[in-house]
Amino acid sequence: MILGIETSCDETSVALLDHDGSVRVNLIASQVERHRPFGGVVPEIASREHLQHLFPLVGRALADVHASWSDVDRIAVTAGPGLIGALLVGVAGAQGLSYALGIPLVAVNHLEGHLYSPYLQREGPAIALPDRFLSMVVSGGHSQIYDVTGSGAVMLNRTRDDAIGETFDKVAKFIGLPYPGGPQIEKHASGGTIDRRRFPLPVPQFKDGSLDFSYSGIKAGAIRIARELGVRAGGDSKLLGDFCATFQDALFAQLFDRLDAIWAALRVPASTHSGAGAPDGRPADMPSEVAIAGGVAANGTLREKVLAWGRERGVTVRLPEKRYCTDNAAMIAFAALQRTAEASDPLRVSARSRIA
Ligand code: KG4
Ligand code: ZN
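Criteria and thresholds
Residues numbered from 1 in each chain as written. Chains lettered and ligands numbered in written order. Predicted model: local features only at pLDDT ≥ 70, side-chain atom pairs only at ≥ 80, totals over all residues. Heavy atoms only, no water. Axes fitted to C-alpha atoms, helices over the stretch in contact; angles between N-to-C directions. Helix = DSSP H or I, 4+ residues; strand = E, 2+ residues; numbered from the N terminus. Parallel < 35°, antiparallel > 145°, perpendicular 65-115°, else oblique. Contact = heavy atoms within 4.5 Å. Phe/Tyr/Trp six-rings, centres within 6.5 Å; stacked < 30°, edge-to-face > 60°. Buried < 20%, exposed > 50% of the residue type's maximum accessible area, 1.4 Å probe, protein only. Lys NZ or Arg CZ within 6 Å of the ring centre and 35° of its normal. Disulfide = S-S within 2.5 Å. Donors = N, O, S within 2.8 Å, 3.2 Å for Na, K, Ca; no water. Tetrahedral: all angles 85-135°; square planar, octahedral: opposite > 155°, others 65-115°. Near = heavy atom within 4 Å. Polar contact = N/O pair within 3.5 Å; in protein donor to acceptor, adjacent residues only side chain to side chain. Areas by Shrake-Rupley, 256 points an atom, 1.4 Å probe, with all protein chains shown as cover. Nonpolar A, V, L, I, M, F, W, Y, C, P; charged D, E, K, R; others polar. Pairing = 2+ DSSP bridges.

### Points about the packing of helix 5 (residues 164-174) against helix 6 (residues 181-189)
Where helix 5 contacts helix 6, the axes come no closer than 7 Å and their chain directions differ by 70°. Taken together, helix 5 and helix 6 sit at an angle that is classed as roughly perpendicular. Only Gly181, Gly182 and Ile185 of helix 6 make contact with helix 5, whose side of the interface consists of Phe168, Asp169 and Ala172.

### Describing the packing of aromatic side chains
Summed over all chains, the structure comprises 8 aromatic pairs. Geometrically, the ring pair formed by Tyr116 and Phe133 is edge-to-face, given 6.3 Å between the ring centres and 65° between the ring planes. Of the two residues, Tyr116 is situated in helix 4 (residues 110-116) and Phe133 in strand 6 (residues 132-138); the sequence distance between them amounts to 17 residues. Taking relative accessible area as the criterion, Phe133 reaches 1% and is therefore assigned buried. Among the aromatic residues, ring-to-ring pairing joins Phe168, Phe199, Phe243, Phe247 and Phe252 into one connected group. For Arg160, the ring lying beneath its charged end belongs to Phe206, and the centroid distance is 3.9 Å.

### A short note on the state of the cysteines
According to the stated counting rule, one finds 0 disulfides in the structure shown. Lacking any disulfide linkage, Cys9 is separated from the closest cysteine sulfur, that of Cys325, by 16 Å. For Cys9, a relative accessible area of 22% translates into the label partly exposed.

### Remarks on the coordination of the zinc ion (ligand 2)
Around the zinc ion (ligand 2), the protein contributes the donor atoms His110 (NE2), His114 (NE2) and Asp327 (OD), which lie 2.0 to 2.1 Å from the metal centre. Around the zinc ion (ligand 2), the 4 donor atoms sit at angles spanning 95 to 137°, and that spread fits a shape best called irregular.

### Side note on the site of ligand 1
Among the 19 residues in the neighbourhood of ligand 1, the closest are listed as Gly140, Asp169, Glu186, Gly295 and Asn299. Here an oxygen atom of ligand 1 sits 3.4 Å away from a polar atom, N or O, in the side chain of Ser139. For ligand 1, an oxygen atom lies 3.1 Å from a polar atom in the backbone of Gly165. Contact with the protein chains hides 89% of the accessible area of ligand 1, taken as 560 Å² for the molecule alone. Elements with a minimum of two residues in the shell around ligand 1: helix 4, helix 5 and helix 6. The class makeup of the residues in the shell around ligand 1 is 6 nonpolar, 10 polar and 3 charged.

### Some words on the pairing of strand 2 (residues 11-17)
Consecutive residues of a regular strand have side chains that alternate between opposite faces of the sheet. When you tally the buried positions in strand 2, you get 7 out of 7 residues, the bulk of the element. For strand 1 (residues 2-6) and strand 2, the ladder comprises 5 bridges, and the chain directions are antiparallel. By the bridge assignment, Ile2 is partnered in strand 2 with Leu17. Adjacent in sequence and paired antiparallel, strand 1 and strand 2 are bridged by 4 residues. In this structure, strand 2 lies alongside strand 3 (residues 23-30), joined through 7 bridges in antiparallel fashion. Following the sheet pairing, Ala15 is matched in strand 3 by Asn26. The hairpin formed by strand 2 and strand 3 contains 5 residues between the paired strands, and Gly21 there has a positive phi angle of roughly 90°.

### Let's talk about the sheet that holds strand 6
Taken together, 5 strands build an open sheet; the order of strands is 8-7-6-9-10 and the sheet is mixed. Across the chains shown, the open sheet's two edge strands, defined by having one partner strand only, are strand 8 (152-158) and strand 10 (316-318). Between one strand axis and the next, the sheet turns by 25° as a mean value, whatever way the strands run. As judged from the 3 bridges shared by strand 9 (residues 289-293) and strand 10, these two strands associate in the parallel manner. Bridge pairing in strand 10 places Ala291 opposite Arg318.

On their own, these measurements won't tell you what the molecule is for.
What follows is the structure, encoded as structure tokens:
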């Protein structure tokens, strides 16, 4: 089995996976309650909580599946990006285990974890990865689309400013909703009506035609509108619902604007393509599936919209189980299983808050 460790933000997580991607156990100690009074993650508190929870969780994971260290042949740990103090707890812990027990260590990029997560199943082996797929990671810290093949993931676009989850959280905080804001906005949006004229939040376009995301304009616009119209948690509930529905829709509209453009750009017509065609007439080397991952992929409205997007185009869409949307160690171990590269020397692995 492979042991996964994730401590990049505010969840301490430990998982054990078989080499076919079956998740034997995936434990998560969430710190959300500890950070809630502050309206966001406090890095100092996160590090301390990870220190407290990491080793007890490792022990529990092994005990839960009646395994011992002799059953573990690899350790995977998130090395970044994330909060540096939080990452260091996981990395130092994993290094210690690897060095002391002689088990090879694999350093994993947190985003790599997210982007493969839609292929993990609730039970049994992971879904076989297609030769090529697009993976859109939408979380608190990231909004980017990857082109994933057997040789790795290439980032096709990214946010130039705020991430989509961060935008949910900041606007939610401004109108007085508790942290994390994404699920709160979703809850209030479900009773609301989309009204673009009352809440004008257009999809931003770059003059240079770039397909990058940008959420700072929507964030500023939403905060200004909320202030002007007096949108408040605990205030006029119809106004709050309509605002949340329109704001959420504007955030998602941008995702589909970029996804559409990227998908269209990659759809090379079979007639102009030199390679052999797939049975359905598409070139064999085109991406065949679209996956959505990250905390925001837990949003029910987004999930429905992505499924509809796929149905309209005849594209297979992969959505992670909700438990694998937010940060978890199963996805970190699974990403390590995709690596053909040799495991690293444990003492050379270092935590990095940013990874290019
Ligand atoms: O992936 P994640 O756990 O952490 C990062 O790596 O960033 O994502 C957390 C983010 C938060 O911004 C949270 O508000 C958002 O995911 N989120 C949601 C929902 N559930 C979590 N956003 C919208 N709707 C949801 N249901
Ligand atoms: Zn994450």
